[in-house]
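Architecture at a glance
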Amino acid sequence: MAQKPKLDPHVGRLGYLQALVTEFQETQSQDAKEQVLANLANFAYDPSNYEYLRQLQVLDLFLDSLSEENETLVEFAIGGLCNLCPDRANKEHILQAGGVPLIINCLSSPNEETVLSAITTLMHLSPPGRSFPPELTAAPVVQCMLRFSLSASARLRNLAQIFLEDFCSPRQVAEARSRQAHSALGIPLPRSMAPRQR
């Protein structure tokens, strides 16, 4: 378990967040990295921290962590991005930093929490009725959402259905449905949700 950063009580929130970022970058312990990233994701929930987190480049730290092999780090990183992206400046940073493909890759995670956060993040990045990057509703993403809309998990099924209804055109959904067996080309489905072989 990571130790809490040693701080001067007068340093304040920015200093505490800086200590967390420094600990994440310097520690070799996976447990410590997980704990620090979880803390940063929790701080990302509070809009009063957004400016500090941008200043400390925590959005980039989260984006970089989406490529980790450690599923727990990916879960906390996408959770942090999900918490940050309702803010316009954070959303723009994620889009300009090329974060969309990294977020889409999270749809293939075997961890349901990671998948739920990825879907929610995509929804925050593509508000209904506004223009947004076409990759957010590309055919593989829509096909993936169609698969998720058939999930045994009510949370996943309902969130995918909302995505399909609010963020995809009827034409996009019809085209995706017409593809053979809803195969999500380019996006491997989570192992726990893949159809059973007969």
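For clarity, every value in this text was computed on a predicted model and none was experimentally measured. (Residues numbered from 1 in each chain as written. Predicted model: local features only at pLDDT ≥ 70, side-chain atom pairs only at ≥ 80, totals over all residues. Heavy atoms only, no water.)

With the rule as written, the count across this model stands at two aromatic pairs. Taking the centre distance of 5.6 Å and the plane angle of 55° together, the rings of Tyr-16 and Phe-43 count as tilted. Here Tyr-16 is found in helix 1 (residues 12–26), whereas its partner Phe-43 is found in helix 2 (residues 30–43), with 27 residues between them in sequence. Residue classification places Tyr-16 among the partly exposed residues on the basis of a relative accessible area of 21%. (Phe/Tyr/Trp six-rings, centres within 6.5 Å; stacked < 30°, edge-to-face > 60°. Helix = DSSP H or I, 4+ residues; strand = E, 2+ residues; numbered from the N terminus. Buried < 20%, exposed > 50% of the residue type's maximum accessible area, 1.4 Å probe, protein only.)

On to the confidence of the model for the chain. In this model, the chain carries a mean pLDDT of 87, and residues with pLDDT of at least 70 account for 82%. For residues 193–198, every residue scores under 50 in pLDDT, and the model assigns this stretch five contacts once sequence neighbours within four places are set aside. (pLDDT = per-residue confidence, 0-100. Contact = heavy atoms within 4.5 Å.)

With that settled, the discussion passes to the nonpolar core. Judged by nonpolar contacts, the single largest core of 54 residues is most densely connected at Leu-40, Phe-62, Leu-107, Ile-119 and Met-145. Ranked by residue count, the leading element in this core is helix 8 (residues 112–125), at seven residues. In contact with Ile-119, other than residues within four places in its own chain, are Leu-107, Met-145, Phe-148, Leu-156, Leu-159 and Phe-163. (Core = buried A, V, L, I, M, F, W, Y, C linked by side-chain atoms within 4.5 Å.)

Turning to the packing of helix 9 (residues 139–148) against helix 11 (residues 170–178), a few remarks are in order. At a closest axis distance of 9 Å, the pairing of helix 9 and helix 11 adopts a crossing angle of 75°. Judged by the angle between their axes, helix 9 and helix 11 are roughly perpendicular. Mapping the contact onto sequence places Val-142, Gln-143 and Leu-146 in helix 9 and Gln-172, Val-173, Ala-176 and Arg-177 in helix 11. Residues of the contact of helix 9 with helix 11, tallied by class, amount to four nonpolar, two polar and one charged. (Axes fitted to C-alpha atoms, helices over the stretch in contact; angles between N-to-C directions. Parallel < 35°, antiparallel > 145°, perpendicular 65-115°, else oblique. Nonpolar A, V, L, I, M, F, W, Y, C, P; charged D, E, K, R; others polar.)

The next subject is helix 2. With 14 residues, helix 2 should cover 20 Å at 1.5 Å per step; its first-to-last C-alpha distance of 20 Å lies within 8% of that length. Within helix 2, burial applies to Ala-32, Lys-33, Glu-34, Val-36, Leu-37, Ala-38, Leu-40 and Ala-41. Contact partners of the buried residues in helix 2: helix 1, helix 3 (50–55), helix 4 (58–65) and helix 5 (71–84). Measuring from the backbone nitrogen of Asp-31 back to the side-chain oxygen at the start of helix 2 gives 3.4 Å, which picks out Ser-29 as the cap. (Expected span 1.5 Å × (residues − 1). Polar contact = N/O pair within 3.5 Å; in protein donor to acceptor, adjacent residues only side chain to side chain.)

Looking now at the pattern of salt bridges. Following the criterion strictly, the structure yields six salt bridges and no others. A salt bridge links Arg-54 to Asp-87, with the shortest nitrogen-to-oxygen separation between them at 2.9 Å. Placement of Arg-54 in helix 3 and of Asp-87 in the loop between helix 5 and helix 6 (88–96) is noted, with a sequence separation of 33 residues between them. A salt bridge links Arg-155 to Glu-113; the shortest N-O distance between them is 2.3 Å. Pair noted here: Arg-155 is in helix 10 (residues 154–167) and Glu-113 is in helix 8, with a separation of 42 residues, a long-range link. A relative accessible area of 46% means that Arg-155 is categorised as partly exposed. (Salt bridge = Lys/Arg side-chain N within 4 Å of Asp/Glu carboxyl O.)

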